[in-house]
Amino acid sequence: MKTILHIGLEKTGTTSVQQLLAANRTHLLQQGVLVPAALHPGNNFYLAMASFSTFRPDGLLKAQGIRNQAELATFRHKTLAKFATELKANPAAKQVVISSEHLQSRLTSLADIQLLKTNLESVGLNDFEILVYLREPIRIALSHHSMAIKKGVFVDATFFEPNHPRVSQILGFKASLQLWQQVFGADNLNVRLYPEGAKASALIDDFFETTGIKAAGLKLDADAKRNVNLSLGALQILNQVNRVSKESGKQLASMAYFDRLEKHVAGKGLVADQKMVDKFADYYAESNEWVRANFFAGQASLFESPLKPSAAQEVPLAMDDVVGVLSAALELLEERTREVGKLRRWGKLLPKPLKHVFKRFF
């Protein structure tokens, strides 16, 4: 069975692709395309986790309560068993499309990627195609660090070095692609370029064409959730709050505050000055040239519309940014106050023995 592994990269529209695949799972099955639910609906990151060759202190494992190698092995066995059952339940499927950017960013060794292939073969899959979208390294780094701030991380000056460990595995295209070539073969890599600056549907159109998916009859929701950037000023404010407050990370992780920020202070995110642009270009020059020569030999350069530098990486805070961040916080506070008020009104209806316990918390 044809198996397409869409492995990212991070910050190349993977959320849009995954939401579209999940929303149209039933219609895609009618085309003979299976989008696995057993590997986690939407982002199929369970497959990445199941392909960790050794246990590591990874956020994905921590979120699933996996604390050691034995628990990882149990998770792998259960995940693959569920996936095998799903495949058997859909015998008419002619193609499987698996999508997770964590396949590229988390599977960082030859042993990991070899285990990935072994896992897929163990459930009867073969005929693999590795689909990956590349984007200019500095653009990925800026987007990645913007998201980190929105998740409550304090981003200091070291984050803007091209070899920062949060992004270096993602951005070292040559080293990563060579690992995937070793396991799956060079002929099975389909390397594409993220359509920078094109209309919003350009990536989806390219993904459909590349995978052979027919758009007719699919639900293409233009209002689907996207990773929305915030203004530079708002990110600066949030970053300083992250520096001094653990509560910031808790609120942002809950998405409640995050969603309000997107409404009040949407923008273009972090920027790079000339020094940073040059530093990234120099650091990844050899890697990018290898990719160009091997996959895009007809182009003069790998990225033909490079990021234009800004005058500075920080800007004087505008009142609109301050007001937007505070307004989002006040909206959340008001909503939480209303929720507590409802609970208290409900508590008045409780029997007397329970009211005492209830008042201790509310």
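Above this text sits the structure in question.
Basis of the calculations
Residues numbered from 1 in each chain as written. Predicted model: local features only at pLDDT ≥ 70, side-chain atom pairs only at ≥ 80, totals over all residues. Heavy atoms only, no water. Pairing = 2+ DSSP bridges. Helix = DSSP H or I, 4+ residues; strand = E, 2+ residues; numbered from the N terminus. Contact = heavy atoms within 4.5 Å. Axes fitted to C-alpha atoms, helices over the stretch in contact; angles between N-to-C directions. Buried < 20%, exposed > 50% of the residue type's maximum accessible area, 1.4 Å probe, protein only. Core = buried A, V, L, I, M, F, W, Y, C linked by side-chain atoms within 4.5 Å. Lys, Arg positive; Asp, Glu negative; His and termini not counted. Salt bridge = Lys/Arg side-chain N within 4 Å of Asp/Glu carboxyl O. Phe/Tyr/Trp six-rings, centres within 6.5 Å; stacked < 30°, edge-to-face > 60°. Lys NZ or Arg CZ within 6 Å of the ring centre and 35° of its normal. Parallel < 35°, antiparallel > 145°, perpendicular 65-115°, else oblique. Left-handed = near helix turned anticlockwise from the far one by under 90°.

Visitor: Help me understand the sheet that holds strand β2 (residues 33-34) in this model?
Guide: By way of backbone hydrogen bonds, the strands of a sheet pair with one another, either parallel or antiparallel. The strand order β2-β3-β1-β4-β5 describes an open sheet built from five strands, whose pairing is parallel. Each of the sheet's edge strands pairs with one partner strand only, and the pair in question is β2 and β5 (189-193). Pairing geometry for strand β1 (residues 2-6) and strand β4 (residues 128-134), over four bridges, is parallel. Its bridge partner lying in β4, His6 is registered against Leu131. Where helix α1 (residues 14-23) meets the sheet, its contacts fall on β1 and β3 (95-99), and the angle it forms with β3 comes to roughly 140 degrees. Together, β1, β4 and β5 form the strand contacts of helix α10 (residues 173-184), whose direction differs from that of β4 by roughly 175 degrees.

Visitor: Please clarify how helix α11 (residues 202-211) should be interpreted in this entry.
Guide: Because the α-helix completes a turn every 3.6 residues, residues three or four places apart line up on one side. The element α11 is extensively covered by neighbouring structure, given that eight of its ten residues are classed as buried. For α11, the full list of buried residues reads Ala202, Leu203, Ile204, Asp206, Phe207, Phe208, Thr210 and Thr211. In the core, the buried residues of α11 are packed alongside β1, α1, β3, β4 and β5. Once α11 finishes, Gly212 follows within two positions and takes phi at roughly 80 degrees, a positive value.

Visitor: What is the right way to look at the nonpolar core in this model?
Guide: One recurring pattern in soluble globular proteins is that nonpolar side chains are buried together. In this structure, Leu5, Phe83 and Leu103 are the most contacted members of the largest nonpolar core, which totals 81 residues. Apart from the residues within four sequence positions on either side, Phe83 is in contact with Pro36, Ala38, Leu39, Val96, Ile98, Leu120, Val123 and Leu125. Ranked by size, the runner-up nonpolar core spans 16 residues in total, among them Val17, Val35, Phe208 and Ile213.

Visitor: How should the side chain of Asp273 be read in this particular structure?
Guide: For Asp273, the location among the structural elements is in the loop between α14 (256-264) and α15 (274-283). One buried charged residue, Asp273, remains without a salt bridge, the closest side chain of opposite sign being Lys275 at 7.2 Å. Once residues within four sequence positions are removed from consideration, Asp273 is found in contact with Pro309, Ser310, Ala311, Ala312 and Gln313.

Visitor: Honestly, unusual backbone geometry in this entry has me stumped. Any pointers?
Guide: Where the residue is not glycine, phi is negative for most of them; where a peptide bond is considered, it is trans in most cases. The linkage connecting Gly8 with the following residue, Leu9, adopts the cis geometry, with an omega of 5 degrees. Within the secondary structure, Leu9 sits in the loop between β1 and α1. With a phi angle near 65 degrees, Lys11 is a residue other than glycine that sits in the positive phi range. By the secondary structure assignment, Lys11 is in the loop between β1 and α1.

Visitor: It is not clear to me how the environment of Asn188 should be interpreted in this structure. Could you clarify?
Guide: By the secondary structure assignment, Asn188 is in the loop between α10 and β5. Not counting the four nearest positions on each side in its chain, Asn188 is found in contact with Phe128, Glu129 and Ile130.

Visitor: Looking at this structure, I do not really get the environment of Glu161. What am I missing?
Guide: Mapped onto the secondary structure, Glu161 falls in the loop between α8 (137-150) and α9 (168-171). A relative accessible area of 31% places Glu161 in the partly exposed class. Taking the C-alpha atoms as reference points, Glu161 and Met276, separated by 115 residues in sequence, lie 8.0 Å from one another. Apart from residues lying up to four places away in sequence, Glu161 is in contact with Lys279 and Phe280.

Visitor: Quick question: what am I supposed to make of the packing of aromatic side chains here?
Guide: Any two aromatic rings considered together are summarised by their centre-to-centre distance and by the angle between their planes. Using the criterion set out here, one finds eight aromatic pairs in the structure. A ring pair is formed by Phe45 and Tyr46, whose centres lie 5.2 Å apart and whose planes are at 85 degrees; its orientation type is edge-to-face. Of the two residues, Phe45 and Tyr46, both sit in the buried class. Ring geometry for Tyr46 and Phe75: centres 5.4 Å apart, planes at 80 degrees, overall edge-to-face. Of the two residues, Tyr46 sits in helix α3 (residues 45-50) while Phe75 sits in helix α5 (residues 69-88), which places them 29 residues apart along the sequence. Clustering of aromatic rings is evident, with ring pairs tying together Phe45, Tyr46 and Phe75. Against the face of Phe52 rests Arg56, its NZ or CZ located 4.2 Å from the ring centre. Here the guanidinium or amino end of Lys117 rests over the ring plane of Phe184, the centre of that ring lying 5.9 Å away.

Visitor: Even after reading the chapter, I still don't get the packing of helix α7 (residues 110-122) against α10, so can you show me in this structure?
Guide: What describes two packed helices is the angle between their axes and the distance between those same axes. Two elements in contact, α7 and α10, have axes separated by 9 Å at closest approach and are oriented at 40 degrees. If you check the angle between α7 and α10, you find them oblique. Pair α7 / α10 crosses with right-handed handedness. Listed contacts from α10 to Leu110, Ile113, Gln114, Leu116 and Lys117 of α7 are Leu179, Trp180, Gln182, Val183 and Phe184.

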